[in-house]
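Residue-level structure breakdown
One-letter residues, chain by chain:
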Amino acid sequence: MEAIKLTVKVKNHKISITLPDDFNADVVDIIILPSKNEEYVIPQLQMNVINESTEKYLKNSTVVTDNDAVIKEFESDFILTNQQMKILDERAKEDKSTFITAEESLLQIKKRYEL
């Protein structure tokens, strides 16, 4: 599937889209959402890992951290807080008819943050 994401200016309730020369579809689906200018916020824990890796690199640039190793270390350090476990426990007690799937949840997040 070929996809193009554009941010275009609305003028007099109209938009104009010019497709690239190599876009060859004869029929397209168009979804129009208001553009959100929200910036993605990097979680503090990830910022700490990045800052630590940067400090190590600046002290000794010949030592390059293996990204896969950093990711494994980060994932192994992931532990739910008591507050997070309480929220999950409370959610598990709710009416199951209000649940959405993980896929639906991810789609909502992607839409919200334009990922």
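Here the structure is a predicted model, which is why all the values come from computation and not from measurement.

Below, the discussion takes up the overall build of the protein chain. A tally of regular secondary structure across the protein chain gives four helices and zero strands. A separation threshold of at least 6 residues defines the contact pool for the protein chain, and within that pool the share at least 24 residues apart is 35%. Of the roughly 11,600 Å² of accessible surface on the protein chain, a fraction of 55% belongs to carbon and sulfur atoms.

Right, let's talk about the confidence of the model for the protein chain for a bit. On average, residues of the protein chain carry a pLDDT of 78, and 81% of them reach 70 or more. Ranking the helices and strands of the protein chain by mean pLDDT puts helix α4 (residues 102-113) first, with 84, and helix α2 (residues 67-76) last, with 68.

Over the atoms, a rolled probe matching the size of one water molecule traces out where space is still vacant. There is about 1,300 Å³ of room inside the largest pocket. Lining the largest pocket are 28 residues, with Ile-4, Lys-5, Leu-6, Ile-31 and Ile-32 positioned closest to its centre. Across the lining of the largest pocket, the residue classes break down as 20 nonpolar, two polar and six charged.

Evaluation of the coordinates by the stated rule reveals two salt bridges. Here Lys-5 makes a salt bridge to Glu-114, at a shortest N to O gap of 3.6 Å. Highlighted residues: Lys-5 in the segment before α1 (44-59) and Glu-114 in the segment after α4, separated in sequence by 109 residues.

Moving on to the environment of Phe-99. Topologically, Phe-99 is positioned in the loop between α3 (82-92) and α4. Judged by its relative accessible area of 34%, Phe-99 is partly exposed. Ignoring any residue separated from it by four or fewer positions in sequence, one finds Phe-99 in contact with Arg-91 and Glu-94.

Quick look at unusual backbone geometry now. Look at Asn-12: it is not a glycine, yet its phi comes out positive at around 55 degrees. One can find Asn-12 in the segment before α1. Taking the relative accessible area as the measure of exposure, Asn-12 reaches 66% and is therefore exposed. At His-13, a residue that is not glycine, the phi angle is positive and equals roughly 60 degrees. Mapped onto the elements of the fold, His-13 is located in the segment before α1. The class for His-13 is exposed, based on a relative accessible area of 82%.

Rules behind the numbers
Residues numbered from 1 in each chain as written. Predicted model: local features only at pLDDT ≥ 70, side-chain atom pairs only at ≥ 80, totals over all residues. Heavy atoms only, no water. Helix = DSSP H or I, 4+ residues; strand = E, 2+ residues; numbered from the N terminus. Contact = heavy atoms within 4.5 Å. Areas by Shrake-Rupley, 256 points an atom, 1.4 Å probe, with all protein chains shown as cover. pLDDT = per-residue confidence, 0-100. 1 Å grid on protein atoms, 1.4 Å probe; cavity = no way out; pocket = protein on both sides within 12 Å on 5 of 7 lines; lining within 4 Å. Points joined across faces, edges and corners; volume = space filled by probe spheres on them. Nonpolar A, V, L, I, M, F, W, Y, C, P; charged D, E, K, R; others polar. Salt bridge = Lys/Arg side-chain N within 4 Å of Asp/Glu carboxyl O. Buried < 20%, exposed > 50% of the residue type's maximum accessible area, 1.4 Å probe, protein only.

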